[in-house]
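Listed below are the residues making up each chain.
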Amino acid sequence: VQLQASGGGLVQAGGSLRLSCAASGRTFRSYTVGWFRQAPGKEREFVAAIRWNDRATAYAEAVKGRFTISRDNLQNTVYPQMNSLKPEDTAVYYCAASQGVIINSMKNLATYRDWGQGTLVTVSS
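Residues numbered from 1 in each chain as written. Predicted model: local features only at pLDDT ≥ 70, side-chain atom pairs only at ≥ 80, totals over all residues. Heavy atoms only, no water.

1. Brief notes about the overall build of the protein chain
Each helix and strand in the protein chain was counted, giving 0 helices and 12 strands. Helices and strands in the protein chain line up, N terminus first, as β-β-β-β-β-β-β-β-β-β-β-β. Relative to a compact globule of 125 residues, whose C-alpha radius of gyration would be 14 Å, the protein chain shows 13 Å and is just as compact. Each of the 125 residues in the protein chain was classed as buried or not, and the buried ones make up 47%. The long-range fraction of contacts in the protein chain, counting pairs at least 24 apart against all pairs at least 6 apart in sequence, stands at 59%. Surface exposure of the protein chain reaches about 6400 Å², of which carbon and sulfur atoms provide 46%. Taking the average place of the 14 positive charges on the side chains of the protein chain and the average place of its 8 negative ones, the gap between the two points comes to 5 Å. (Helix = DSSP H or I, 4+ residues; strand = E, 2+ residues; numbered from the N terminus. Rg over C-alpha atoms; globule rule 2.2 N^0.38 Å. Buried < 20%, exposed > 50% of the residue type's maximum accessible area, 1.4 Å probe, protein only. Contact = heavy atoms within 4.5 Å. Areas by Shrake-Rupley, 256 points an atom, 1.4 Å probe, with all protein chains shown as cover. Lys, Arg positive; Asp, Glu negative; His and termini not counted. Charge placed at Lys NZ, Arg CZ, Asp CG, Glu CD.)

Given below as C-alpha cells:
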C-alpha cells in the first residue's frame with residue numbers, strides 16, 4: 001500500500017496537531033498502521049499504532065495520555081491527534097503499514113513493510 005503522511009508544522013509547546021496517513025492503491029482493511037518519529041541524531045522510535053479491523057491500539061509511554069490514534073473508514077485515513085505537545089516531540093513523523101500484525105508486534109519498527117514519506121513536527125518552547 002502507498003502511504004501519504006501530512007499535517008506536520010510548527011506549534012508552540014502545549015499546542016496540538018493532527019497528522020494524517022492516507023492510503024492509496026488499496027484500503028487499510030486488514031492492515032495495522034503505525035506512526036514512528038525520528039529526531040535529529042536519534043534512532044527512529046515508535047509512537048502509536050492502530051489495527052484497522054478491531055481498532056486495537058498501542059502507544060509509546062512518552063505519548064500516552066497526550067496522543068490519540070484513530071481511523072476513518074470512509075476516508076481510509078489514520079489520524080494521530082497530538083495534544084500537549086512538548087519540545088521533545090520535535091521530529092520527522094513517519095507512518096507505516098503492514099498486514100497480519102499481532103498485538104505484541106505493533107511497536108516494532110521491523111514489523112512494518114510499507115512506509116510513507118515523513119512530515120516534520122516542530123514544537124517550540
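Having seen the model, we can carry on.
2. A look at the packing of aromatic side chains
Evaluated as defined, the whole model comprises 5 aromatic pairs. A ring pair is formed by Phe28 and Tyr31, whose centres lie 6.4 Å apart and whose planes are at 65 degrees; its orientation type is edge-to-face. Each member of the pair, Phe28 as well as Tyr31, is classed as buried. Centroid distance Phe36 to Tyr112: 5.3 Å. Interplanar angle 75 degrees. Geometry classified as edge-to-face. Within this pair, whereas Phe36 is found in strand E5 (residues 31-38), its partner Tyr112 is found in the loop between strand E10 (91-99) and strand E11 (114-115), the two being separated by 76 residues in sequence. (Phe/Tyr/Trp six-rings, centres within 6.5 Å; stacked < 30°, edge-to-face > 60°.)

3. Some points on the side chain of Thr119
Structurally, Thr119 is set in strand E12 (residues 119-124). Residues in contact with Thr119, not counting those within four places in the same chain, are Ala5, Ser6, Gly7, Gly8, Leu19, Trp35, Ala91, Val92 and Tyr93.

4. What about the pairing of strand E9 (residues 77-82)?
Within E9, 5 of the 6 residues are buried, which leaves the element mostly enclosed by the surrounding structure. For strand E3 (residues 17-18) and E9, the ladder comprises 2 bridges, and the chain directions are antiparallel. The residue of E9 that forms the bridge with Leu17 is Met82. As paired elements, strand E4 (residues 20-24) and E9 share 2 bridges and run antiparallel to each other. Residue Cys21 lies in a different strand from E9, and its bridge partner there is Val78. Across 6 bridges, strand E8 (residues 67-72) lies against E9 in antiparallel orientation. Bridge pairing in E9 links Ile69 to Pro80. Connecting E8 to the antiparallel partner E9 that follows it, the hairpin turn spans 4 residues, and Asn76 within it adopts a positive phi of roughly 50 degrees. (Pairing = 2+ DSSP bridges.)

5. Brief notes about the pattern of salt bridges
The final tally for this structure, using the stated rule, is 6 salt bridges. For the salt bridge of Arg37 with Glu45, the shortest nitrogen-to-oxygen distance reads 2.7 Å. The partner of Arg113 in a salt bridge is Asp114, with the nearest N and O atoms 3.1 Å apart. The class of Arg113 is exposed, set by a relative accessible area of 60%. Beyond isolated ion pairs, a larger network of salt bridges with shared partners links Arg37, Glu45, Arg66 and Asp89. (Salt bridge = Lys/Arg side-chain N within 4 Å of Asp/Glu carboxyl O.)

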